[in-house]
Amino acid sequence: MQVLCLGNGDAFSRDRYSTSFVVEAEGARLLVDCPHPIRKMLAEADPALDLGHLDALLLTHLHGDHASGVEGWAFAHHFGLGRRGVLLAHPEVAGPLWGQHLQVTMQDLLGADGAKPPMTFADYFDLRPLDEAAPVTVGPFTVQVRRTRHHIPTFAFRVHAAGVTLGYSADTAWDPALFAWLSEGADLVIHETNLGPAHTPYAALLALPAAAQARMRVVAWPDGLDVFSGPIRPLVPGERVPVG
Ligand SMILES: [Zn+2]
């Protein structure tokens, strides 16, 4: 398993794409979060990659810096790839994704003979609901989720494939229990750090044991925070990081 970073910024970044990455294992690819412009992010990280090379999208929550590209991702599947996009999301993420987010722009399509019947969520998305009580498998990936402390429903995950495990905090306030869950058996943990009560202070990550920091990559830090000289390596676009 390896991780290809597409972006490491936050919602306010001036010169970085929002945080997103691709998990690759056994010839399959799982996109984690989908900010705009996702196709450009993919092409800049690896010119050989396009949306058709991705097997599924795992969406942690609906903040724009994680989900602003979902409309384009789904339209590209419908019009360009001729198939539905496989979406892994908790019901508390997938539910409002349509009714409170995409329906207004994706329901109505104009055909050559005029308006078509309204499109539905199921016309665009092949949903695989994530469940805190049970792992969900898609291709070689087995995904477990855990709710984080954030403004809106948000889910961290552990993904297992090819004999190794990756943990991702998604957006969260510092939560030692969540970190313990992420670290449990994980070969690599990707963790956010940012400002405010709904994010993890960098100081909390700096206080972790060196062994934990060595198995960690940091993402989504605010502009101006120098993570490059700290003990926890940042995830950098275009870099493929082996897991395990
Ligand atoms: Zn968020």
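Residues numbered from 1 in each chain as written. Predicted model: local features only at pLDDT ≥ 70, side-chain atom pairs only at ≥ 80, totals over all residues.

Draft legend 1. Structural detail: the sheet that holds strand S1 (residues 2–7). Taken in spatial order, the seven strands line up as S8-S5-S4-S3-S2-S1-S16 in an open sheet, and their pairing is mixed. On the outer flanks of this sheet lie strand S8 (125–129) and strand S16 (240–242), each paired with one strand and no other. Neighbour-to-neighbour, the strand axes of the sheet open up by a mean angle of 25°, direction not taken into account. Along the sheet, helix H4 (residues 91–106) makes contact with strand S5 (85–89) and S8, crossing S5 at roughly 130°. (Pairing = 2+ DSSP bridges. Helix = DSSP H or I, 4+ residues; strand = E, 2+ residues; numbered from the N terminus. Axes fitted to C-alpha atoms, helices over the stretch in contact; angles between N-to-C directions. Contact = placed C-beta atoms within 7 Å.)

Draft legend 2. A look at helix H3 (residues 70–81). Every buried residue of H3 is accounted for by Val70, Trp73, Ala74 and His77. Within H3, the buried residues cover an arc of 95° as seen down the axis, which keeps them to one side. Exposed positions of H3 whose direction lies more than 90 degrees from the buried face are Phe79 and Gly80. (Buried ≥ 20, exposed ≤ 12 C-beta atoms within 10 Å, placed from the backbone. Arc of directions from axis to C-beta.)

Draft legend 3. How the structure looks around helix H6 (residues 176–183). Taken as a whole, H6 has its buried residues at Leu178, Phe179 and Leu182. One side of H6 carries all its buried residues, which in axial view fall inside an arc of 100°. Turned more than 90 degrees off the buried face of H6, the exposed positions are Pro176, Ala177 and Ala180. Looking at the buried side of H6, the elements it contacts are strand S10 (141–147), strand S11 (155–161), strand S12 (164–168) and strand S13 (188–192). Within two residues after H6, Gly185 carries a phi angle of roughly 80°, on the positive side.

Draft legend 4. Focus on the sheet that holds strand S14 (residues 216–219). The sheet built from seven strands is open, its strands ordered S9-S10-S11-S12-S13-S14-S15 with mixed pairing. Looking along the sheet, the strands with just one partner apiece sit at the ends: strand S9 (136–138) and strand S15 (233–234). With five bridges connecting them, S11 and S12 associate as antiparallel partners. Residue pairing for S12: Ala161 is matched across the bridge by Val164. Along the sheet face, H6 touches S10, S11, S12 and S13 and points at about 10° away from the line of S11.

Draft legend 5. Broad picture of the nonpolar core. Val23 and Leu58 are the most contacted members of the largest nonpolar core, which totals 66 residues. Per-element tally for this core: the top contributor is S11, with five residues. With near-sequence residues (within four places) excluded, Val23 lies in contact with Met1, Val3, Leu30, Val32, Phe141, Val159 and Leu166. (Core = buried A, V, L, I, M, F, W, Y, C linked by C-beta atoms within 7 Å.)

Draft legend 6. Fine view of the pairing of strand S2 (residues 20–25). Burial analysis of S2 places six of its six residues in the buried class, the great majority of the element. The alternating pattern of S2 places Ser20, Val22 and Glu24 on one face and Phe21, Val23 and Ala25 on the opposite face, and all of these are buried. The sheet contact formed by S1 and S2 spans five bridges and is antiparallel. Note that in S2 the partner of Leu4 across the bridge is Val22. Of the strand pairs in this sheet, S2 and strand S3 (residues 28–32) are connected by five bridges, and their pairing is antiparallel. Residue pairing across strands places Val22 opposite Leu31, the latter belonging to S3. Here S2 folds back onto S3, and the loop between the two strands holds two residues, one of which, Glu26, carries a positive phi near 50°.

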